[in-house]
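Single-letter residue listing:
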Amino acid sequence: MKHALLEIDGLSVDLLGRQRGDGLRRVIHDVSLTVASGESVGLVGESGSGKSMTTKAVMGLLPRGARANGALRYHGQDISGYNRKELSAYRAKQIAMIYQDPRAHTNPLVKIGDFLIEGVVAAKLMSRADARERAHDLLQSVGITDAGRRMVQYPHELSGGLLQRVMIVMALMSSPSLILADEPTTALDVTVQSEVVAILAEQIRDRSLGMLFITHDLDLAAAISDSLAVMYAGAIVENGSVKAIYDSPRHPYTAGLLASRPSLHEVKRLQAIPGRPLSAFEVAGGCAFASRCPLASQRCLDERPVMREVDGREVACHHPQNVELPTRRPA
Amino acid sequence: MTAVPVSGVRLARISTAARRIDPILATAGVVCALLVLLAIAGPWIAPFPPNQTDVLAASQGPSATHLLGTDSIGRDILSRLLAGARLSFLGPGIIVVLSTTLGTLFGIACAWWGGFVDSMLTKAFNVLFAIPGILMALVAAAVFGAGFWAAVLSLSLVYVPYVARVIRSAALQERRRPYVEACQLAGMSGLRICSRHVFGNVQPVVVAQATVGFGSALMDFGAASFLGIGVQPPQAEWGLMVSDGRTELLNGALQQSLSAGALIVLSVVAFNVLGERLSDRTGAGR
C-alpha cells in the first residue's frame, strides 16, 4: 500500500496546566490530515485554534508535560516510535520548517552562511565546502543576487524579506521531502509577502515537495495550496480541495470566514462572526462552534459532529446543506 | 586637498566613539590592566630580591633606597609588593577560571534540562550558598594542610553557585528564544546547541560575572593568607604582608600593612567597578 508523505491520524494533544493540580487542558482534538508528496495543504484557522501546536506535534517538539494521542506517520512510520537518534535524523533530513518570525529564529551571533550550513554539516549530510556551495546556489535561486556577500553578514544586516528568503533556503538545505510553513509571511509587509510566497511556491513546485502551509489568511492559503483544512477550537471542521471549499463551503465557520474577507470591489462593512473563538478545552459536549453559529440547533448543543463526507469534502457539521453560500464576487 | 574631508570624517567618527566610552569604565579598565601588568613584570622591575634581608635597615620608613621602607627583618616592601602581586593575582585568577567554567557548565545544564536536574543542582547550590568562603578554606586547610592550593580549590568550589545562578537565569532566557527550537529542528544535538548557540549568547554575562568574581576572589584569597591558611611565609603575598605588618603597627611602622592593604583595596574596587560597568553595558544586569 502506498503511504502518504505525512499522515496525522486522530491526533489529540493535552497540555499540563500552569499550576499544579490544574489538570490537562485539551488543545488539539481528534485532528486527521494527510499530506501527499508534491501536495500543498493549507491549514487555516484563527489564533489559538491549534495550528502551530499541530506542527509542533509533527516535529516531535511538543512542550514538556504534553500528552499526545493518535498517530503521526511519516512514510507510514509512526514518529512517536522514533528514538532520540532517529528523531534527530528525521528532523535533520526529512522535514524542515519555515517560521513566522525569521529574526527570532536566527541566532543573532551567527553569520548567514554559517547558519545555513551548520545543520547539514552537523548531521553529516555533506561536507562543509559542499554545503557552502549549495547554500550559495540556493540563495541565488531564491533571488538573492549577491549571495557571497550575504553569507558573511549577520542576521541584523538583512531586511525581513531577505531573511525570510534565507529561512526558505535553510529549509531546502537538507533536501527535505516535507516543509512546514508556519505563517511564513505574517511578519512581512504586503509587497514582500507576495514575493516570498511566489518564491516558496516556485521552490515547492520545482522540487515537488509536500508542504503544510499554516496561515490565518484564507486567500493566501487558497492561492498556494491544493487542499485546505479549516481548524476551529483545536479540531478540523472542514477539509477538502481548495475549489470545493472556496466555492461552496459546507461548514458555517468556513462560510463565515469567507464572508468576513474585505472586498476589493465594493465598499461595505465587514461581516463578523459573532462571539469570540473558543479554546479546545472550553468545548463542552456539543459542537465547538454552536455558540456562534446561525444554524445551531438543539442537536448541535448535545452531540459533537464528526467528520463526514459531504459534496466531495469532509465536514464536521450537522447541517451542512443549510450553510449559506457566500455571495459571489466578480472575479 | 581631498584628504582633508576624509580625515575630518575620521576625526568625527573617533570623537563620537570617544564620547560613547564610559570614563569610569575606561579608568577601571586601565587600572586593572596596569595591575595585571605589574603582576606579570613585578619580579623583574623590583629593585631588590623580595626575600633579601638587611637587618641593619629593618623597619625603616620610606627613603631613597627603599621607596616604601622596609619590614621588621629589613626586606624591601616595594620589592615584596611587586613580587607578591603574582601570587595575589594568580590565586584569584585560578579561582575565577575554575568557578566560572564549572558554574557556566552547571548553569547551562540547569537551563537546558530543567526539571529534575535543575531542581537538584539548584538545591545543591543553595547548600553551598550557606557556607562562607573563609570557612570552607579553613576546612580545606585543616584537611589538606594550609597552602596556596587548599585556599584556591576551596574558594573555587564556594564561588561556583554564584556563577551558576547568574548563568542559569541568562541561559533560561536564551533557551526560550525561538532560534533554539529552529536549531533542534535542524537536527542539532543538545550539546551542540548549548555549546555553540546558547553559550555564545550568554558569553557577555560570563565575562562580566568573572570580572566581578575576580574582585571578591582577590579579597577572599587575601583574607585566607592573612589568616595563615593560604600562602605561607616567607613567600610574598599581599594578604600575608598585611598580616606580617600588624606586629609593627604598635611601633608606629605602618608602611607594610598600609601599602599592601591599599593595593588590595585598589584592585578589588577596580575589578568590581569594571565588572559592574561591563555587565551594565552587556545588559547582564537585567
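Before reading further, recall that the structure is shown in the block above.
Now for a description of the structure that goes with this document.

So, how was this worked out
Residues numbered from 1 in each chain as written. Chains lettered and ligands numbered in written order. Predicted model: local features only at pLDDT ≥ 70, side-chain atom pairs only at ≥ 80, totals over all residues. Heavy atoms only, no water. Core = buried A, V, L, I, M, F, W, Y, C linked by side-chain atoms within 4.5 Å. Buried < 20%, exposed > 50% of the residue type's maximum accessible area, 1.4 Å probe, protein only. Helix = DSSP H or I, 4+ residues; strand = E, 2+ residues; numbered from the N terminus. Contact = heavy atoms within 4.5 Å. Salt bridge = Lys/Arg side-chain N within 4 Å of Asp/Glu carboxyl O. Buried area = accessible area lost by both parts, 1.4 Å probe. Polar contact = N/O pair within 3.5 Å; in protein donor to acceptor, adjacent residues only side chain to side chain. Nonpolar A, V, L, I, M, F, W, Y, C, P; charged D, E, K, R; others polar.

### Things to note about the nonpolar core
Here is step 1: By size, the foremost hydrophobic cluster in this structure holds 94 residues, and its most contacted members are A:L116 and A:L200.
Here is step 2: Looking at this core element by element, the count peaks at nine residues for helix α6 (residues 160–172) of chain A.
Here is step 3: In contact with A:L200, not counting residues within four places along its chain, are A:I98, A:I168, A:A181, A:P184, A:M211, A:F213 and A:I224.
Here is step 4: Residues B:C32, B:L155, B:L240 and B:V242 belong to the second largest nonpolar core, which totals 41 residues.

### Section: the pattern of salt bridges
Residues and elements named next belong to chain A.
Here is step 1: By the definition in use, this model includes 21 salt bridges over all chains.
Here is step 2: The salt bridge involving R132 is made with D114; its shortest N-O contact spans 2.8 Å. Taken together, the residues R132 in helix α4 (residues 128–141) and D114 in helix α3 (residues 112–122) connect sequence positions 18 residues apart.
Here is step 3: With relative accessibility at 27%, the residue D114 sits in the partly exposed group.
Here is step 4: Salt-bridge contacts for R250 lead to D311; the nearest nitrogen and oxygen are separated by 2.7 Å. Here R250, found in the loop between α9 (242–247) and α10 (252–259), pairs with D311, found in the loop between β11 (308–310) and β12 (313–315); they are 61 residues apart in sequence, far enough to count as distant.
Here is step 5: According to the relative accessible area criterion, R250 is buried, its value standing at 12%.
Here is step 6: Since its relative accessible area comes to 44%, D311 is described here as partly exposed.
Here is step 7: Here the salt bridges share partners, and the residues they tie into one network are E7, D9 and R73.

### Let's talk about the interface of chain B and chain A
Here is step 1: Opposite the 18 residues of chain B that make contact, chain A presents 22 residues.
Here is step 2: For the pair chain B and chain A, the summed buried surface comes to about 1800 Å²; carbon and sulfur atoms form 53% of the total.
Here is step 3: For the interface between chain B and chain A, the tally reads three salt bridges.
Here is step 4: For B:R192, the salt bridge is made with A:E118, and the minimal N-O distance between the two is 2.9 Å.
Here is step 5: In this assembly, chain B and chain A are joined by seven residue pairs in polar contact (both at pLDDT 80 or more).
Here is step 6: Elements represented by at least two residues in the side of chain B that touches chain A include exactly α3 (77–113), α7 (178–185) and α8 (190–226) of chain B.
Here is step 7: At six residues, α7(B) tops the list of elements feeding residues into the side of chain B that touches chain A.
Here is step 8: Its residues assigned to classes, the side of chain B that touches chain A comprises eight nonpolar, six polar and four charged.

None of this, on its own, says anything about what the molecule does.
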